[in-house]
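# What the coordinates show
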Amino acid sequence: MVYGSVAAEKIQLNEDSLWHGGPNPGDNPAAPAHLPHIRSLLAQGKQGEAEHLARMSLTSSPKYLQPYQPLGELLIWMQGHQGTPVRYVRELNLRDAVASVNYTLGQVAYGRQYFSSAADQVMVVRLTAGTKGGLTLGVNLMRRPFDPGTAACAPDAILMRGQCGPDGVRYAVAVQAVAEGGTVRTSGDFLSIEGADAAMLLLAGNTTFRTPDPESLCKEQLRRASKRGYASLLARHVREYSAYYGRVELELGNGGEYGPDPVSLPTDVRLRKLREGAEDPGLFALYFQYGRYLLLSSSRPGTLAANLQGIWNASFTPPWESKYTINVNTQMNYWPAEPAGLPECHEPLFDLLERMLPAGRETASRLYGCRGFVAHHNTDLWGQTHVEGILLSSSIWPMGAAWLCLHLWEHYRFGLDRSFLARRAYPLMKEAALFLLDYVTEDERGRLVTGPSLSPENRFVRPNGETGTLCMGPSMDSQIVHALWTACIEAARTLGLDDAFRGELETALAKLPRPAVGKRGQIMEWLEDWDEAEPGHRHISQLFALHPGGQIHARRTPELAEAARRTIVARLAHGGGHTGWSRAWIVNFWARLEEGEEAFKHLRRLLETSSYPNLFDAHPPFQIDGNFGGAAGIAEMLLQSHAEELVLLPAVPAVWSEGRARGLRARGGWTVDLAWKNGRLTEAAVAAAYDRRCTVRSAVPVAIYQEETYVSESKPGGEAEWQAERGRTYRIVGSMQGDETEREERCR
Ligand code: FUC
């Protein structure tokens, strides 16, 4: 995090494995003895008694997860920097992931560039001055509390080390200075650069989570990087990063991510104008690409999964410990990974699942006497799975692993990589499905229900006026179980495995409660048509089936879609959507309902009311999930593929009347480009990665060509279909019927 101050620069540091303390499991041993009784109390409506017993026998206190913490701060003290700077610009270039600060002070132009290189595993800061020998500065590391401190570790380098809590990871962070002209020396725990023309600072940080000797690794990384020199480090960083970033382009109306005029219209001004009512379609392209930048920066193969603040946490006691909240937040972080062309960024989440598996098996067996893999609403660096905390509104919810496992399935659906399905996805999905098979019980109507569980993190009002949290068969649970069992059945069939298990799942699936419509025309949040104690609640868990699930579909299940619409409207009427992530989820809901204007209204509100000037999402406070949920929502407005067909421009608002997207991904191995004008699709391209049937739907009739050869066209009022061949790209041309100007323009 680059603060950009002129005289005393502060760079706030994170290393993703720096979590306080160690694992601290807390499966309550009393659970199995009381589980049947809790279930029967809930079935009898004895809410208070059930909740008391559940608290005593399922939660454990006080075993909170430990927080994720910052690595410290790098401080740069500029000598002789007095007076007011002019021509100050601080920027982040999303296309090459380089931040910079430029200003002029006393007639001298100063510049700084900053980047973190995945290629070389160091952070690089380069400082330049417009006069020869014009740079004199001091550098030090702000100590974390309880650190033994920093010391010189070479004539041109300092090193800080410590331990993150009594049984926590040990860490080291080292900084080396390289000057062009001038001199470098250490003094106490400072680095001093004197009379240089330009200078480079290299920083490396490591913990014992990945290496037994973080100190040596830091020194080795610095040694290699300093041998390369700045130009080579920059070129390697840009090449590595832009190979991912450059896969997708998006232009909306007045521009791409740089907007019409990025210099005279900085982001804070664009946000302010938006709040004042201006239209700025390019700002949403920026928000989308910013989400991709953030995911690329916080979640790459080999890193840890992005937590509540990604890797941008500045606090030692961060909100909700900056951990992995897996009743929506962590999942939301990964919604854009596949559609926005960054499937590799999904991998750390799969690593997390694999880390959770051993604990998840133990919790399943100790707490519930079940086989398979369970996790509750929170996890951390260590992959803990126990019921965390004693807050009933969130804690006793055994669906975390199941929902996360659906991400494995989504990764497969997009890329169709069979070996991934066989090796990584299916084994984990199967364990989570197995847990649920053992865990569900049959109610008096023969339905298979989860429980004791809850609808995150809402409360209901029973007909006798009693409020409660714990219940049997909350709707979201049934929807997640449905999605996971269905996915497992399909995966097993694809892999030609586990016939008997598949049969068991099929039988059980038939007894699962389906999304149901309640007395207010809403999707019921619980198995019974209870009222919500908090009707404007930020979680809208009962609409999992609409997004990210697929049981509710805009056109195929119109009654449920209508009930979903009412559910959102009712939540909003009571103040819903007040957190950034909740607003972002609402964007995705409306996009799935193919309501572009509604989706846009809430996307706009996400920027207007739930974004900081640097576009970070505001819960408030800062939480990264809304950035990712918002970016995913934009992708969902442009292209959908959750129901075995590609829907082109399903929810594009009138203010994005013109636009162009390149490189979006769709389930089935398709890569899609789109262009539209006057709100209507003009042309699209679908690249096939497999020999496969393709179905395309769009509001305007289309004709399909392969090079110049006609392939197919839309059936009247419906979709177009054809047999695609792997490696070929199909051109989809929107009909120009009724639009004379457009026809003329395109003929020209
Ligand atoms: C859940 C949400 C909160 C917050 C927290 C991290 O508890 O209900 O709004 O996002 O996670």
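To start, this report covers the structure provided alongside it. (Residues numbered from 1 in each chain as written. Predicted model: local features only at pLDDT ≥ 70, side-chain atom pairs only at ≥ 80, totals over all residues. Heavy atoms only, no water.)

Here we come to the site of the ligand. For the ligand, the full set of nearby residues is Leu308, Trp320, Thr325, Asn329, Glu457, Arg538, His539, Trp581, His619 and Gln623. The contact in question runs from an oxygen atom of the ligand to an N or O atom on the side chain of His619, over 2.6 Å. Considered on its own, the ligand offers 290 Å² of accessible surface; in the complex 96% of this is hidden by protein. In terms of residue class, the shell around the ligand is made up of 3 nonpolar, 5 polar and 2 charged. (Near = heavy atom within 4 Å. Polar contact = N/O pair within 3.5 Å; in protein donor to acceptor, adjacent residues only side chain to side chain. Areas by Shrake-Rupley, 256 points an atom, 1.4 Å probe, with all protein chains shown as cover. Nonpolar A, V, L, I, M, F, W, Y, C, P; charged D, E, K, R; others polar.)

Turning our eyes to something else, we now look at the environment of Gly48. Checked against the element boundaries, Gly48 lands in helix 2 (residues 47–58). On the basis of relative accessible area, Gly48 is assigned to the partly exposed category, the value being 40%. Once the C-alpha coordinates of Gly48 and Leu470 are considered, the two residues, 422 residues apart in sequence, prove to be 9.5 Å apart. (Helix = DSSP H or I, 4+ residues; strand = E, 2+ residues; numbered from the N terminus. Buried < 20%, exposed > 50% of the residue type's maximum accessible area, 1.4 Å probe, protein only.)

Looking now at the side chain of Gln69. Structurally, Gln69 is set in the loop between helix 2 and strand 2 (72–78). Residue class for Gln69 comes out buried when judged on its relative accessible area of 7%. Within polar-contact distance, the side chain of Gln69 engages the backbone oxygen of Phe316 at 3.0 Å. When residues no more than four places from it in sequence are discounted, the contact partners of Gln69 are Leu18, His20, Arg144, Cys164, Asn313, Ser315 and Phe316. (Contact = heavy atoms within 4.5 Å.)

With that settled, the discussion passes to the packing of helix 14 (residues 580–592) against helix 16 (residues 625–638). Helix 16 packs onto helix 14 with a crossing angle of 10° between their chain directions and a minimal axis gap of 8 Å. Relative to helix 16, the element helix 14 is oriented roughly parallel. Of the residues in helix 16, those in contact with Gly580, Trp581, Ala584, Val587, Asn588, Ala591 and Arg592 of helix 14 are Asp625, Gly626, Gly629, Gly630, Ala632, Gly633, Glu636 and Met637. Each residue belonging to the contact of helix 14 with helix 16 can be placed in one class, and the counts come to 6 nonpolar, 6 polar and 3 charged. (Axes fitted to C-alpha atoms, helices over the stretch in contact; angles between N-to-C directions. Parallel < 35°, antiparallel > 145°, perpendicular 65-115°, else oblique.)

Take the pairing of strand 11 (residues 183–187) next. Pairing of strand 11 with strand 12 (residues 190–196) involves 5 bridges; the strand directions are antiparallel. The partner of Thr186 across the bridge, within strand 12, is Leu191. (Pairing = 2+ DSSP bridges.)

Our focus in this paragraph is the sheet that holds strand 31 (residues 729–734). The sheet built from 7 strands is open, its strands ordered 14-24-25-26-31-28-29 with antiparallel pairing. Every other strand in the sheet has two partners, leaving strand 14 (249–252) and strand 29 (709–713) as the edge strands with one partner each. With direction set aside, neighbouring strand axes in the sheet form an average angle of 25°. Relative to strand 31, strand 26 (residues 680–687) is paired through 5 bridges, and the arrangement is antiparallel. Residue pairing across strands places Ala685 opposite Arg731, the latter belonging to strand 31. Against the sheet, helix 6 (residues 281–298) engages strand 14 and strand 24 (659–666), with an angle of about 160° to strand 14.

Scanning the model with the defined rule gives 28 aromatic pairs in all. With a centroid separation of 5.6 Å and an interplanar angle of 20°, the aromatic rings of Tyr241 and Tyr245 are classed as stacked. With Tyr241 and Tyr245 both in helix 4 (residues 230–245) and 4 residues apart, the pair spans about one turn of that helix. Like Tyr245, Tyr241 is buried. Taken together, a centroid distance of 6.5 Å and an interplanar angle of 35° make the contact between Tyr290 and Phe616 tilted. Residue Tyr290 is found in helix 6, and its partner Phe616 is found in the loop between helix 15 (596–609) and helix 16; the two are separated by 326 residues along the sequence. (Phe/Tyr/Trp six-rings, centres within 6.5 Å; stacked < 30°, edge-to-face > 60°.)

Once that is clear, we can look at the packing of helix 8 (residues 347–368) against helix 10 (residues 418–439). A packed helix pair is summarised by two numbers, namely the angle formed by the two axes and the spacing between the axes. Two numbers describe how helix 8 lies on helix 10: the axes approach to 11 Å, and their chain directions differ by 30°. Between helix 8 and helix 10, the interaxial angle falls into the category roughly parallel. As for the relative orientation of helix 8 and helix 10, their crossing is left-handed in sense. Together, Glu347, Phe350, Asp351, Leu353, Glu354, Leu357, Arg361, Ala364 and Tyr368 of helix 8 and Phe420, Arg424, Leu428, Glu431, Phe435 and Tyr439 of helix 10 make up the contact between the two elements. Here the residues of the contact of helix 8 with helix 10 are counted per class, giving 9 nonpolar, no polar and 6 charged. (Left-handed = near helix turned anticlockwise from the far one by under 90°.)

Relative to the assigned elements, Pro281 resides in helix 6. On the accessibility criterion, Pro281 (10% relative accessible area) is buried. In contact with Pro281, other than residues within four places in its own chain, are Leu252, Gly253, Asn254, Val655 and Trp656.

The full count for this structure, using the stated rule, is 61 salt bridges. Between Arg502 and Asp499 there is a salt bridge whose closest N-O contact spans 3.4 Å. Within this pair, Arg502 and its partner Asp499 are both found in helix 12 (residues 499–510), separated by 3 residues, close to a single helical turn. Given the relative accessible area of 56%, Asp499 is considered exposed. As a salt-bridge pair, Glu595 and Arg565 come within 2.7 Å of each other at their nearest N and O atoms. Residue Glu595 is found in the loop between helix 14 and helix 15, and its partner Arg565 is found in helix 13 (residues 558–573); the two are separated by 30 residues along the sequence. Owing to a relative accessible area of 23%, Arg565 belongs among the partly exposed residues under this scheme. Each of the salt bridges in this network shares a partner with another, and the network as a whole consists of Arg555, Arg556, Glu594, Glu645, Arg693, Arg697, Lys715, Glu719 and Glu721. (Salt bridge = Lys/Arg side-chain N within 4 Å of Asp/Glu carboxyl O.)

Time to look at helix 4. Here helix 4 is 16 residues long and its end C-alpha atoms lie 22 Å apart, about the 22 Å a rise of 1.5 Å per residue gives. Contact partners of the buried residues in helix 4: strand 4 (98–105), strand 5 (108–117), strand 6 (122–129), strand 13 (198–207), helix 3 (214–228) and helix 6. (Expected span 1.5 Å × (residues − 1).)

Before going further, it helps to examine the nonpolar core. Ranked by size, the top nonpolar core spans 176 residues in total, and within it Tyr368, Met429, Trp485, Leu648, Leu674 and Ile732 carry the most contacts. Ranked by residue count, the leading element in this core is helix 10, at 13 residues. In this structure, Val6, Met78, Tyr110 and Ile193 belong to the second largest nonpolar core, which totals 37 residues. (Core = buried A, V, L, I, M, F, W, Y, C linked by side-chain atoms within 4.5 Å.)

Looking now at the sheet that holds strand 7 (residues 135–142). Strand order in this open sheet of 5 strands is 1-2-7-12-11, and the pairing throughout is antiparallel. With one partner strand each, in any of the chains shown, strand 1 (8–13) and strand 11 form the two edges of the open sheet. Strand-to-strand twist across the sheet, computed as the mean angle between neighbouring axes with direction ignored, equals 20°. The sheet contact formed by strand 1 and strand 2 spans 6 bridges and is antiparallel. In the strand pairing of strand 2, Lys10 is matched with Leu75.

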